[in-house]
Amino acid sequence: MLIIIHRGYNMLHEPVAQSEKDYASDYKRKLGIKLFIVYGVLYAGFVAINALIPGKMETRTLFGLNLAVFYGFSLILFAIISGLLYNYFCTKEENKQRSMGKGDNK
Amino acid sequence: MIYEASILPIMLFLIIVVSVLAISILAARKSSSSKDYFAAGGSIPWTVNGIAFAGDYLSAASFLGICGMIAFSGYDGFLYSIGYLAGWVVALFIVAEPMKKLGKYTFTDALDSKFNSKGIQLMAGISTLMVSIFYLIPQMVGAGALVTPLLGLPHYVGVIMVGSIVIFIVATAGMKSTTYVQFIKGSLLIVFSTVLVIFLLNKGLDTNPSDSYHDFKELSAISSSGKITGIKESGYSITGNYQTEKGHFLRLESQNIETWWKVEKDGVKLTETLSIVAARGKEKLYNGAPIEEKRFYSVGHMSKIIVDGKEVKKTGSLGPFKFISTIQDSEVIRFVSSKFSYEDASISLWYQEPTSGEEIMRPGLKFKVDKGSTPLSKLNFVSLMLALFFGTSALPHVLIRYYTVPSARDARKSTILAIVAIGFFYILTLFIGLGAMVNGVLDVESSNMSAPLLARYFGTILFAIISAIAFATVLGTVSGLIVASSGAVAHDLINNYMGIELSDKRKVIIGKIAAVGVGILAIILGILFKGMNVSFLVGWAFAIAASANFPAIIMLLFWKKTTAKGITWSILVGMISAIGIILLSPSMFVKYGLSASSAIIPLDNPGIISIPLSFATLIIVSLVTQKDKTKKSIEKN
């Protein structure tokens, strides 16, 4: 079962960084896990092809690139795109929570 | 190879040094508290922090190590780029915001936030130190490799110089000066690497890299009954003959100079090699002559260029995809190393190996996943990729950067900016590495110098700028590592674990003393590990971080049965198993002067054993110690 992380788990010996309760944290955590799983599967597929059927990496794809380079570039681009999407949806949810008067979601 | 210092690189180097020292002194005026020293006051804007992340992360391993590995082993080096970048996805989606909310100065704060456990404080503090030290070694090795061509100084002088400057940066203003040094360095690195790639694409590909490129000769052997008895070309006589697993080599004498040649498969053609002959009590000979005679050439060229099915001598400017696809269709001459002893001398040879572009642009030249692979060699590769994926989000010097921004939202945004900057840079590494491979600039003795040497191909100014930036790269990363280490010593170990109450001012002083101590240790290790590829060494730091820290972070965040003892033991087991496997690995056995095959553990990359072991330890110990948790909870109430 997942733990919701917020200021409630305060340190006993040192104060943690002070912030208001984050009402969007549950949404952000779930979205983060989903995107992580998608990326993890793509990365695992990449490693598996390299390790098990490296000859397949010679297959030509778009722009004259072989699968090795195309898949590698795609993983980098997908990391950037999914990061930007994650931020967009997290910010939207934080703003929504704020407009509902639930904390400042710093 | 002989490097000659020139004025411009020295001037730029001095400007960089003076600038970072000035930043440090200025920042020192504004940082007096421990929050300023360890976390830059928590006031760094996310934009600055994002680029500083890139400046921190794009270390000597990324710039020097990966580009060098691509230049020598093609696509396999690029796998490091992909693994390093993928690790940031874990950092963003899973770790960034929770770590920001739970911690204060160090990642130990976050791990210990629920427990106030002496065990966690001790283990996480030690783990921070171990990971940082393993990460520091390659940075210092890279520093030494850079200073040689830049300033014409020996390797150890470079290491001492970098160590001293970094100690100054950290000991003056801690995280604040470190952040701005990393920000400037990260920006410059990305901008000028882009410039280098633009120059490269504009120039295109050419079978003759430059007018000064050495013309490697071919000779013909005379053979009788399958044995080589002489050389057809006049002026050469055979003085030595040696057969290794990698091939058949002949030593030929001409005009009182002895050089080594490779006998090709047909048994007739002989191709010129590069050689270093080291005999006890005699001067080392480079291609048969002392190094000053400059007979030891820079290498790497294309033997065949195919564009749209037609063979050409050169291409003219190319677009980025066309550059890569043309190399894929063509043939490159790589220089492959072979070492053996002959007549009481140690011989290091680099012979020409025509390699198809297809082979260069797919896995297999470095990682044994295809020809000659075994299940173990494949496992070794998977183990490395696993450590790179899970290691980033467990690196203490990356994690402490979350405490330099005001909020969790800023932590998230700065991570995304870092992914954009780092991802873009890693795409550039493929072009820089391949450019170095085919433009006759490689120093076979040091793969780490490939990127600066490619810059030198385009003129002294670009070389000076790229070298100075590479030097700043080392400064930025080493500073971050030393801040992380000093936080572990002063905050985690002395203040929290030992329970010694330190005033704010005293905590900063202890942090500064720790920074000096770790800096000196880094200098010593940087000298001892000279010559190893820096990216390979960083792989080890990732493996230790992924094994010791990652399971603890993930289980703390996602498994409510996690206990303090579970975390403590998982860090200990992860750290000891990862370091133990490294120390008993084939690479380390070679370093000990033993054969790689005699290594006790046949894996070079420990992650695939040590990461699951650490997770299993945490789960088992936590389940066994649930009663302690309940007892504490009752006492608390």
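Residues numbered from 1 in each chain as written. Chains lettered and ligands numbered in written order. Predicted model: local features only at pLDDT ≥ 70, side-chain atom pairs only at ≥ 80, totals over all residues. Heavy atoms only, no water.

1. Points about the confidence of the model for chain B
Residue and element names in this part refer to chain B. Averaged over all residues, the pLDDT of chain B is 84; the fraction at 70 or higher stands at 95%. Mean pLDDT across the elements of chain B bottoms out in helix 22 (residues 626-636) (64) and peaks in helix 9 (residues 320-329) (93). ipTM for the predicted complex: 0.83, alongside a pTM of 0.85. (pLDDT = per-residue confidence, 0-100. Helix = DSSP H or I, 4+ residues; strand = E, 2+ residues; numbered from the N terminus.)

2. Some details on the interface of chain B and chain A
At the interface, 65 residues of chain B touch 58 residues of chain A. Between chain B and chain A the total buried area reaches about 5400 Å² when both faces are included, carbon and sulfur atoms providing 68% of it. Between Arg412 of chain B and Glu94 of chain A there is a salt bridge whose closest N-O contact spans 2.7 Å. Of all the secondary structure elements, the ones that give two or more residues to the side of chain B that touches chain A are helix 5 (75-102), helix 9, helix 11 (375-391), helix 13 (408-438), helix 15 (460-497) and helix 18 (550-558) of chain B. Looking at the side of chain B that touches chain A, the element that brings in the most residues is helix 5 of chain B, giving 17 residues. Here the residues of the side of chain B that touches chain A sort into 36 nonpolar, 12 polar and 17 charged. (Contact = heavy atoms within 4.5 Å. Buried area = accessible area lost by both parts, 1.4 Å probe. Salt bridge = Lys/Arg side-chain N within 4 Å of Asp/Glu carboxyl O. Nonpolar A, V, L, I, M, F, W, Y, C, P; charged D, E, K, R; others polar.)

3. Focus: the packing of helix 1 (residues 25-52) of chain A against helix 11 of chain B
With their axes 10 Å apart at the nearest point, helix 1 of chain A and helix 11 of chain B run at an angle of 155 degrees to one another. Taken together, the axes of helix 1 of chain A and helix 11 of chain B lie roughly antiparallel to each other. Regarding helix 1 of chain A and helix 11 of chain B, the two cross each other, and that crossing is right-handed. For the pair helix 1 of chain A and helix 11 of chain B, the contacting residues are Phe36, Tyr39, Gly40, Tyr43, Phe46, Val47, Asn50, Ala51 and Leu52 of chain A in the first and Lys378, Phe381, Val382, Met385, Phe389 and Phe390 of chain B in the second. Its residues assigned to classes, the contact of helix 1 of chain A with helix 11 of chain B comprises 12 nonpolar, 2 polar and 1 charged. (Axes fitted to C-alpha atoms, helices over the stretch in contact; angles between N-to-C directions. Parallel < 35°, antiparallel > 145°, perpendicular 65-115°, else oblique. Left-handed = near helix turned anticlockwise from the far one by under 90°.)

4. Some thoughts on the pattern of salt bridges
Residue and element names in this part refer to chain B. Applying the stated criterion across every chain yields a total of 17 salt bridges over all chains. Where Asp56 meets Arg401, a salt bridge forms, and the shortest distance between an N and an O atom there is 3.9 Å. One end of the pair, Asp56, is in helix 3 (residues 46-57); the other, Arg401, is in the loop between helix 12 (396-399) and helix 13, with 345 residues separating them in the sequence. Pair check on accessibility: Asp56 and Arg401 agree, each one buried. (Buried < 20%, exposed > 50% of the residue type's maximum accessible area, 1.4 Å probe, protein only.)

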